[in-house]
Structures are given as structure tokens and as C-alpha cells.
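Observations on chain architecture
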Amino acid sequence: MSQTRARSEEQSKAPHPPAPLPAVLACQSASFAPPLVPPLRVEQALRLLPDVEDLVPLRGFVVSLTSTRATKREAWGAVEPNRTVGKRTIDQQALRAGTAQVVNRIANRVAVLYDAAVEALESGQHGDLPRAVRALLRAGECEEKAGRYIQAGAWYRQALGVAEQLRERQPEMEALGHLGRLEIARGYLDEAARVFQRSLALAEAQSDHAHAAAACQGLGDVMVAQSHWAGAEAWFKRGLDFVRTNRGLAGALSLSLGHTALRRGEPRVAAEWIAQALEGFESIGDSAGIVRAVLARGLVDAAAGRIVDMLAAYREALTLVPHDQTELELMVRLRLTESYIDLDRLRDAEDEARRIENIAIARQQRGALARVYMLLGRLRAQRRDENGFVFYEQAIELCRSGEPARRLEVDVYREYARFRTAMGDRDEARAYLERARELIEPFGDEVARRQIDEQLRQLDQ
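Residues numbered from 1 in each chain as written. Predicted model: local features only at pLDDT ≥ 70, side-chain atom pairs only at ≥ 80, totals over all residues. Heavy atoms only, no water.

Concerning the confidence of the model for the chain
The predicted model of the chain has a mean per-residue pLDDT of 88, with 89% of residues at 70 or higher. Note on residues 1-17: pLDDT is under 50 here. Beyond four places in sequence and across chains, it has one contact. Low pLDDT (under 50) marks residues 21-27, which in the prediction has one contact with non-local residues, meaning those over four places away or in another chain. (pLDDT = per-residue confidence, 0-100. Contact = heavy atoms within 4.5 Å.)

Structure, rendered in C-alpha cells:
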């Protein structure tokens, strides 16, 4: 008995397992768990941020952080085939972690600009104004590369103002060349033509063949943008006469002549010019020039109906793109996507377009993103999918955000009008064309305005 009592006392002293938590208390404990935070969509995030210049880099970074979980073919096709970047969700942890990187990039860019400004001031103090011009142009190039065209134009015009005070004309021609190319990129064709005409006059007076050829290239590009093929050809040939021994400039002018011949319906002539350009680019190792020439060769194949050769050329061009040439890669991919749409290979077009979308988002290429959404809208029109309007609406939003891209917005409205016409809504199509005509007025592009007027007349028939 005593042994039994002893064992019983030892057991009573031993720790007992905790009693089960009552169901009510368990529910109360669970209620203290942190609530699930719903994902934040891009369109919501951008509405929270003011569209001011100081936040442009942050707004771009927000877009680049979007989730890519829905990039697989089955996800896009089965779940949200008409999804755009605005409907993607943001990786909020990466947002907080990456903000410092955005600030550092801004600081680095500002440092480059201030360094150029200080160099310009020091050069002015020492009487070396040509060096001051080069410093100002370097700052403009930095801004232009970042897509800040208005700021780039301010630096270029400042450089031009300084260069005009010099006896030496080369700095002025350099400033004019930068400004002319910028005005073409912005779509101000009349202003670009005036700038290049002035540069050409100076170059001829100074017997500066390189700058004369560059000015002719610019004047030809203005003619191309206005669909004046004969005028463009004349300028490109004139430029080529200045620099036949300069393989880089000669290659660029020959390639332009190939594009012009193709637009004029002369594929054999185009092929000869493009082959000449490719040979020149290969001789100096110009990888970007080689890509552009191979891409142009694909256009010749397309004009001749050689579809297999065309696609092979585009894929070859894609493999040749240097790893740091994002804009060039997107240009090739956009052309490939457009070809798939023309061939009614809509599944392939969708896949390639979504690939472009991801690249453009990750590398903050708003222009390319707007263009690929136009192509996705065109693809939806071929499928008779009225929901394709979301792509045009997103493209318009991209054109208006940050530094407005009004010329690109004109293209979006014109494509949007074609989409609405295909859907049978002529009234809305007319409204978009009228908006495009309103936007094109400041650019002085009479050719584009007449084309819009012709689209309007066709709607009235």
C-alpha cells in the first residue's frame, strides 16, 4: 500500500500536458492573426501618386515592379486575355526594398548634369567655349537617353546659343545635329527641317562633309516621316555623295535609300542598297547597324512574298541584337509581332506581344509598351473582340503620363478609330480621328493631317 501511495504522489507532482484550448478561446486567438492585405494594382498605385516631374522615376519603378505570374500562355488566354499593365499587381516588398535604388539612379543622373554644368562654367571662365558646348551637349544626351525630351531640348538650345557666339562653326553644327534629331523624335518635323537646313548650309560653307551628310540624312528622315519618298531619296543620295569613303555614314544613308526604294515599290533596288549597307556595317563592326540591315532585308522578303525568308531574317536580327540595346530589341520584336498579325498567326502574335510587354515594363520603355498595346488591339479586332478597347485606353494613358508623348498619342487615336470602325461604331471612330487631328496641329505635319482627313471622309461614305 505504501509503495502504491508513493507512486501516486510522484505522478501527482509530475507536469501534466496542457488542457485543450476551448473552441471559443481558439477562435479569439485566431482573431489576432494579421489580416490579409489585398494586392495593389498598378492603376491604383499611380492614382495615389501625383503626376509631377520629381516622381516620374518612382512612377516608372512602380510599373516595373508588377507581378509576372500571369505571363504564361495559359494564364493570359484562359483568365484575363485583355489584361494590361494597369491590372497587374505590385510586389510591395520589392517596392520598399528598391526605393533606395531609384533614389541612387536619380542622384547619379543629377550628378552627371551638374558635372556637365560645372564643366561648362569652368570652360567659360577659361575662355574655352567649344568645350562648354560639348559639356552642355553631353547633359542633353543624358536627358534624351532617359526619354526626357523637353529637358534635353533645353540643354541643346543652351549649347546652340553658346556655339553661335564662336567663330568656329563645328560646335554649332554639332548642336544643330543633336537638336534636329531630337525634333524628329518628338515629331516636330517643320522645326527639324529648319534646323537641318541651317546645319547643311554651315557644313557646305566649311567644307565639312561629315556634318553635311548628317544634315542630309536628317532632311531625308523628315521627308520619310511625311511620306515624301522622292524627296527623301534625293536627300539621302546627296548625303551619300559627301561621304562615300566613310563606311558608317555611307551605311546609314544606303540603308535609308533601301527603305525609301521599298516604299516606292522597288524591292530589287531596295535589296541592292540594303546589301551595300550591310557590307559597310559589317566592315566596321557596327552591330546595331547590322541588326537594322538584316531587319530591312526581311522587309524586302515580305514585299516579295517570301514569308519563310522574312521570318528567318527577323529571327536572325533578334539573335544579333547586343544585350544592352533594349530599344533595338523591342523594334525587332514589334516588327515580328506585326508580321504574325498580318499572317493571321494570332497565337504567335499574342505570345510575342506579351514578351514585348514584359520587356517594356521591366525596362520602363513607355513608348514600346504603348505600341505593343496598339498591336494587341489590332489583334483583338481580327478576332472581333470588342473588349480590345482596353489596350487603346491603356496606350493613351501611357502617352499622357510623365512627359506627354503627343505624337505617339496621335498614332494611338488613329489606330483606335480603325478598331472602332471594325467594330461597327463609326461615331466613336470619328470622335477619335477628330481628336487626332486636333493633336497633330502643333507639329506642322500637313501630310499626317491630310491622312486623318481622308480617314474621316471614308467614314462619311
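The structure having been displayed, the exposition proceeds.
Section: the pattern of salt bridges
Tallied over the entire structure, the rule returns 45 salt bridges. A salt bridge links Glu119 to Arg131; its shortest N-O distance comes to 3.2 Å. One end of the pair, Glu119, is in helix 6 (residues 92-125); the other, Arg131, is in helix 7 (residues 129-145), with twelve residues separating them in the sequence. Glu119 gets classed as buried once you look at its relative accessible area, which sits at 17%. By relative accessible area, which is 33% here, Arg131 ends up partly exposed. With a shortest N-O distance of 2.9 Å, Arg380 and Glu350 are connected by a salt bridge. Note that Arg380 is positioned in helix 19 (residues 366-382) and Glu350 in helix 18 (residues 346-362), a separation of 30 residues in sequence. (Salt bridge = Lys/Arg side-chain N within 4 Å of Asp/Glu carboxyl O. Helix = DSSP H or I, 4+ residues; strand = E, 2+ residues; numbered from the N terminus. Buried < 20%, exposed > 50% of the residue type's maximum accessible area, 1.4 Å probe, protein only.)

Considerations on the packing of helix 13 (residues 247-263) against helix 15 (residues 287-303)
Close contact between helix 13 and helix 15 brings their axes to 11 Å; oriented N to C, the two are set at 15°. When the axis of helix 13 is compared with that of helix 15, the two are roughly parallel. Taken as a pair, helix 13 and helix 15 cross one another with a handedness that is left-handed. Of the residues in helix 15, those in contact with Leu255, His259 and Leu262 of helix 13 are Arg292, Ala293, Ala296, Leu299, Val300 and Ala303. For the contact of helix 13 with helix 15, the per-class residue count stands at seven nonpolar, one polar and one charged. (Axes fitted to C-alpha atoms, helices over the stretch in contact; angles between N-to-C directions. Parallel < 35°, antiparallel > 145°, perpendicular 65-115°, else oblique. Left-handed = near helix turned anticlockwise from the far one by under 90°. Nonpolar A, V, L, I, M, F, W, Y, C, P; charged D, E, K, R; others polar.)

Quick notes on the environment of Val118
With respect to the element layout, Val118 can be found in helix 6. Considered as a pair, Val118 and Leu136 are 18 residues apart in the sequence and their alpha carbons are 9.8 Å apart.

A word on the nonpolar core
Counting 80 residues, the largest nonpolar core has Leu255, Leu369, Val372, Tyr373, Val412 and Ile452 as the members making the most contacts within it. Counting residues per element, this core draws most heavily on helix 19, at ten residues. When residues no more than four places from it in sequence are discounted, the contact partners of Tyr373 are Thr84, Val85, Glu357, Phe391, Gln394, Ala395 and Leu398. Within the second largest apolar cluster, 44 residues are counted, among which are Ala120, Ala135, Val195 and Leu202. (Core = buried A, V, L, I, M, F, W, Y, C linked by side-chain atoms within 4.5 Å.)

Thoughts on helix 12 (residues 229-242)
The terminal C-alpha atoms of helix 12 lie 21 Å apart, and with 14 residues this matches the ideal 20 Å at 1.5 Å per residue to within 8%. Looking only at helix 12, the buried set comprises Trp229, Ala232, Glu233, Trp235, Phe236, Gly239 and Leu240. The buried residues of helix 12 occupy an angular sector of 165° when projected down its axis, which confines them to one face. Residues of helix 12 that are buried sit in contact with helix 10 (189-206), helix 11 (209-225), helix 13 and helix 14 (267-284). (Expected span 1.5 Å × (residues − 1). Arc of directions from axis to C-beta.)

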